[in-house]
Amino acid sequence: MKFGTRLKVDEEINSSSTADIAFLLIIFFMVTTVFGTTRGLEMTLPKKQSTEEAKTAEAVLIEIGPDGGITIDGVPSSIADIQPYLMPKLDRNPNKFVLIKSDLAAKYQVMISVIDELRQLNVKNISIPTQKEIRMWERY
Amino acid sequence: MRFRRRGAIQAGIPSSSMGDIAFLLIVFFIVTTTFSVDKTKVNLPESIERKATYPEAAIIVIDSDGRVFLSEGDRNPELRGIEDVTVFALNLVARRPLTQFTIKASKDVEYRYVDRVMEQLRDVNARNISLLTEQRVHS
């Protein structure tokens, strides 16, 4: 009597679906990851005790009005005028002080746009006096 | 003369290393992902110059209505009054004098709110501040 030979059983663990599982995990991570906006303009505030007085006579004064309009040293201008106005002054004196005074009713975006322009020019001394400081200056 | 028959070449693409590649990608994602604790929705102002902020900085959120939310950087910011910034910042600066503060203010908010926050930060000798912005493309 002749018995039929059994089929050989494969001894390996089937790993063909590992890649599918892994790619599913990747998709899960990609979908659930929330990229936070964590970039911005850095500022270092001066120490309270040793407030460095910006020499107002030599500083460039940029004022922001309540409607978002700006004046540079008293001349009505636009954001685009900041760089051409400051560039020759910074060439002569790279440590030039720039004072930014914003009206309290002005939009925050205008202030950021002005700081952004100054940062692009690598202005080292930007002074943004708070209302308390402005009141103190006006008193003297 | 009799030639030896060549063994049949398998036509399949070997996919045994696919799993390894995929797991490497997973490890990459796990290592590089940083979960942002701050989930407040604010229309940020736009700027061209941007630098990466310190990831564990304390967060001060000012929304378009001038409401202030505060967080030490470890959880989602909570609604507080604008005058609470002094005590909040003072606690942090007392513990770590070089604490970084991230101001995440709406671009539409009136500057008076940002000014008030900055004033309080200066009063407690906070030094390092980042103003969060979105990338502005050159026009």
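Right, let's walk through the structure included here. Everything quoted here is computed from the prediction, not taken from an experiment.

Conventions and cut-offs
Residues numbered from 1 in each chain as written. Chains lettered and ligands numbered in written order. Predicted model: local features only at pLDDT ≥ 70, side-chain atom pairs only at ≥ 80, totals over all residues. Heavy atoms only, no water. Helix = DSSP H or I, 4+ residues; strand = E, 2+ residues; numbered from the N terminus. Buried < 20%, exposed > 50% of the residue type's maximum accessible area, 1.4 Å probe, protein only. Contact = heavy atoms within 4.5 Å. Expected span 1.5 Å × (residues − 1). Arc of directions from axis to C-beta. Buried area = accessible area lost by both parts, 1.4 Å probe. Salt bridge = Lys/Arg side-chain N within 4 Å of Asp/Glu carboxyl O. Polar contact = N/O pair within 3.5 Å; in protein donor to acceptor, adjacent residues only side chain to side chain. Nonpolar A, V, L, I, M, F, W, Y, C, P; charged D, E, K, R; others polar.

1. Some thoughts on the side chain of B:S130
And step 1. Note on placement: B:S130 falls in strand β7 (residues 128–132).
And step 2. In this structure B:S130 comes out as buried when scored by relative accessible area, which is 3%.
And step 3. Sequence-distant contacts of B:S130, defined by excluding residues within four places in its chain, comprise A:L41, A:E42, B:T53, B:F101, B:T102 and B:I103.

2. Describing helix α1 (residues 18–32) of chain A
And step 1. Counted at 1.5 Å a residue, the expected span for α1(A) with its 15 residues is 21 Å, and the 21 Å between its end C-alpha atoms agrees.
And step 2. When α1(A) is considered as a whole, its buried residues turn out to be A:A19, A:A22, A:I26 and A:F29. All buried residues of α1(A) project into a common sector of 85° when viewed along the axis, lining one side. Residues of α1(A) that are exposed and point over 90 degrees away from its buried face: A:L24, A:I27 and A:V31.
And step 3. Elements that come into contact with the buried residues of α1(A) comprise α1 (18–32) of chain B.

3. What about the interface of chain B and chain A?
And step 1. Taken together, the 48 residues of chain B in the interface contact 46 residues of chain A.
And step 2. Summing both sides of the interface, chain B and chain A together bury roughly 4,500 Å²; the carbon and sulfur share of this comes to 59%.
And step 3. The three residues of chain B that bury the most area against chain A are B:Y111, B:R122 and B:R127, which together make up 18% of that side's buried surface.
And step 4. Taken together, the links from chain B to chain A amount to four salt bridges.
And step 5. Of the charged contacts, one joins B:R136 and A:D116 as a salt bridge, the two residues approaching to 3.9 Å between their closest N and O atoms.
And step 6. The tally of links between chain B and chain A comes to 17 residue pairs in polar contact (both at pLDDT 80 or more).
And step 7. For the side of chain B that touches chain A, the secondary-structure elements that each account for two or more residues are α1, β1 (46–47), β2 (51–52), β6 (100–105), α3 (111–123) and β7 of chain B.
And step 8. Broken down by element, the side of chain B that touches chain A gets its largest block of residues, nine residues, from α3(B).
And step 9. Across the side of chain B that touches chain A, the residue classes tally to 22 nonpolar, 11 polar and 15 charged.

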